[in-house]
Amino acid sequence: MKCLVTGATGFLGTSLVHELVKAGWDVKAFGLPGSNASYIEDLPVELVYGDIINKSDVEKAVEGCDYVFHVAGDTSWWHKRFDKQREINVNGTINIAKACIKFGVKRLVHTSTVDSLGYNPYGIADESWKNYNYANTGYNYADTKRQGELSLKSLAKQGLDYVVIYPGSMLGPFDFTLQYGRLFFELRDGKTPGCPTGGVSFGHVTEVAKAHIQAALKGQCGEGYICAGENISYREFFDLIAIKFGKRAPKLNITRKFLVAYGHIMQFLSNFTNKPPELDPGVARYMSVKAYYSSGKAESELAYKVKSVPEMIDDAYDWYKQHGYLMDQ
């Protein structure tokens, strides 16, 4: 079976390429020109470069493939990139979907995010949750991922077969973009001033990748599957990472009001530094809620495995250390 993986040079994309190769798939790995392909370039894959907002690049990549895994996306929280982020997460997704229809792809597996569902302020959300309560909070990533996913529903009327994966926050090998690696370093070095009051649901990136493959083969057309895991507060999460280094996490709890104010300051300063801010108001609001999810549907239908957060931290730590990201002090 020949497949295309967009975003193949990113955190999840790299893991997915490795799992597809292990499973014997014929893989075409699609990444942006200049992106880091060092962790997949030695694999028996066809590595191609292009941009998902370029229809010609997309059609050349999709043609001849039986399945497409659309993992590419822009996770930025810099307001200067918001228009570009929308173009990538919405228009890029439409380009991929239309190419799948044009070339008769058997199934598109679209990587969304649990954030596109909203969160349950009273408990745990699953795929049936209907209240998208990140709207009008400035959380542009969630807004654009939701819009991109919704575009697939209308294209299904034109013959698109698709399944959606909703990953939670992810930990594990191949985090060379340091999505959470940066937090490991800051907690180790005592550079984290405090802890947000919210919480998240963590999934192991390898298990999320495996669920993508099962979604292609066994998922129900038009359905979505949450691939998250253990629900944990940032306080508990920070403590577990700090313990890994024999350190203590900061005692200060950063309230929503203070964190949002800090996000506004960082966003304002980015206008002068012309660099992405450490935080923006939308992400500050996101980090101040307990966004917890159930992965029961994926466990039942896709054989998705939930691993403990300590186990995920160990796997991430070992990978960072093995590849020179964490040096002995």
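About the cut-offs
- Residues numbered from 1 in each chain as written.
- Predicted model: local features only at pLDDT ≥ 70, side-chain atom pairs only at ≥ 80, totals over all residues.
- Heavy atoms only, no water.
- Pairing = 2+ DSSP bridges.
- Helix = DSSP H or I, 4+ residues; strand = E, 2+ residues; numbered from the N terminus.
- Axes fitted to C-alpha atoms, helices over the stretch in contact; angles between N-to-C directions.
- Contact = heavy atoms within 4.5 Å.
- Phe/Tyr/Trp six-rings, centres within 6.5 Å; stacked < 30°, edge-to-face > 60°.
- Lys NZ or Arg CZ within 6 Å of the ring centre and 35° of its normal.
- Expected span 1.5 Å × (residues − 1).
- Bend = angle between axes of the 7 residues up to and from the residue.
- Buried < 20%, exposed > 50% of the residue type's maximum accessible area, 1.4 Å probe, protein only.
- 1 Å grid on protein atoms, 1.4 Å probe; cavity = no way out; pocket = protein on both sides within 12 Å on 5 of 7 lines; lining within 4 Å.
- Points joined across faces, edges and corners; volume = space filled by probe spheres on them.
- Nonpolar A, V, L, I, M, F, W, Y, C, P; charged D, E, K, R; others polar.
- Parallel < 35°, antiparallel > 145°, perpendicular 65-115°, else oblique.
- Left-handed = near helix turned anticlockwise from the far one by under 90°.
- Arc of directions from axis to C-beta.

**Q** Hey, could you run me through the sheet that holds strand 2 (residues 26-31) in this one?
**A** In any sheet, the strands associate via hydrogen bonds between backbone groups, in a parallel or an antiparallel arrangement. The seven strands are arranged 3-2-1-4-5-7-11 in an open sheet whose pairing can be described as parallel. Edge positions in the sheet fall to strand 3 (46-49) and strand 11 (224-227), since each has one partner strand and no second. Across the sheet, the mean angle separating the axes of adjacent strands is 20 degrees when strand polarity is ignored. Examined bridge by bridge, strand 5 (residues 107-111) and strand 7 (residues 162-167) share four bridges and lie parallel to one another. Bridge pairing links threonine 111 to isoleucine 165 in strand 7. Its contacts with the sheet put helix 3 (residues 82-102) on strand 1 (2-6), strand 4 (67-70) and strand 5, and the angle it makes with strand 4 is roughly 175 degrees. Packed on one face of the sheet, helix 6 (residues 205-218) meets strand 4, strand 5, strand 7 and strand 11 and runs near 150 degrees to strand 5.

**Q** Could you clarify how one ought to interpret the packing of aromatic side chains in this entry?
**A** Any pair of aromatic rings gets described here by the distance separating the centres and the angle formed by the planes. Applying the stated criterion across every chain yields a total of 23 aromatic pairs. The structure contains a cluster of three or more aromatic residues connected by ring pairs, namely Tyr39, Phe174, Phe176, Phe184, Phe185, Phe245, Tyr317, Trp319, Tyr320 and Tyr325. The side chain of lysine 244 reaches across the aromatic face of tyrosine 317, ending 4.8 Å from its centre.

**Q** Looking at this structure, how should I read the side chain of serine 270?
**A** Position of serine 270 among the secondary structure elements: in helix 8 (residues 256-273). Discounting chain neighbours no more than four positions away, the residues touching serine 270 are Trp78, His79, Lys80, Lys275 and Pro277.

**Q** Any chance you could explain helix 3 here in plain terms?
**A** For an α-helix, the turn length of 3.6 residues means that residues three or four places apart are oriented alike. Its 21 residues give helix 3 an end-to-end C-alpha distance of 29 Å, which sits within 8% of 30 Å, the value for a rise of 1.5 Å per residue. The largest bend in helix 3 comes to about 25 degrees, at asparagine 91. Here helix 3 has its buried residues at Phe82, Gln85, Ile88, Asn89, Val90, Gly92, Thr93, Asn95, Ile96, Ala97, Ala99 and Cys100. Turning to helix 3, the residues buried within the fold contact strand 1, helix 2 (55-62), strand 4, strand 5 and helix 4 (140-156). At the C-terminal side of helix 3, glycine 104 shows a positive phi close to 65 degrees.

**Q** When you look at the layout of surface pockets in this model, what are you seeing that I'm missing?
**A** Vacant regions in the atomic arrangement are exposed by a probe of water-molecule size rolled over the atoms. Estimated volume of the second largest pocket: approximately 330 Å³. When contributions to the lining of the second largest pocket are tallied by element, the ones reaching two or more residues are helix 4 and strand 7. The class makeup of the residues in the lining of the second largest pocket is seven nonpolar, four polar and seven charged.

**Q** Where do I start with unusual backbone geometry in this structure?
**A** The bulk of non-glycine residues show a negative phi, and the bulk of peptide bonds are trans. Its identity is not glycine, yet leucine 178 carries a phi of approximately 60 degrees, on the positive side. With respect to the secondary-structure elements, leucine 178 resides in the loop between strand 8 (169-171) and helix 5 (181-188). Take leucine 178: its relative accessible area is 16%, and that puts it in the buried class. The phi dihedral of asparagine 274 is positive, around 55 degrees, even though this residue is not glycine. Structurally, the position occupied by asparagine 274 is in the loop between helix 8 and helix 9 (281-286).

**Q** Mind showing me how you'd approach the packing of helix 1 (residues 11-22) against helix 6 here?
**A** When two helices pack together, their arrangement is given by the angle between their axes and by how far apart the axes lie. Running from N to C, helix 1 and helix 6 point in directions that differ by 60 degrees, and their axes come no closer than 8 Å. If you check the angle between helix 1 and helix 6, you find them oblique. Pair helix 1 / helix 6 crosses with right-handed handedness. Where helix 1 abuts helix 6, its residues Phe11, Leu12, Ser15, Leu16, Glu19 and Leu20 lie against Val205, Thr206, Val208, Ala209, Lys210, His212 and Ile213. Residue composition of the contact of helix 1 with helix 6, grouped by class: eight nonpolar, three polar and two charged.

**Q** What is the right way to look at helix 8 in this model?
**A** Between its first and last C-alpha, helix 8 extends 25 Å over 18 residues, near the 26 Å set by a 1.5 Å rise per residue. Among all positions of helix 8, only Leu259, Val260, Gly263, Met266 and Ser270 are buried. An end-on view of helix 8 places all buried positions within 120 degrees of arc, on one side of the element. For helix 8, the exposed residues set more than 90 degrees away from the buried face come down to Lys257, Phe258 and Phe272. Buried positions along helix 8 lie against strand 9 (195-196), strand 13 (253-254) and helix 9. One or two positions beyond helix 8, positive phi appears at asparagine 274, with a value near 55 degrees.

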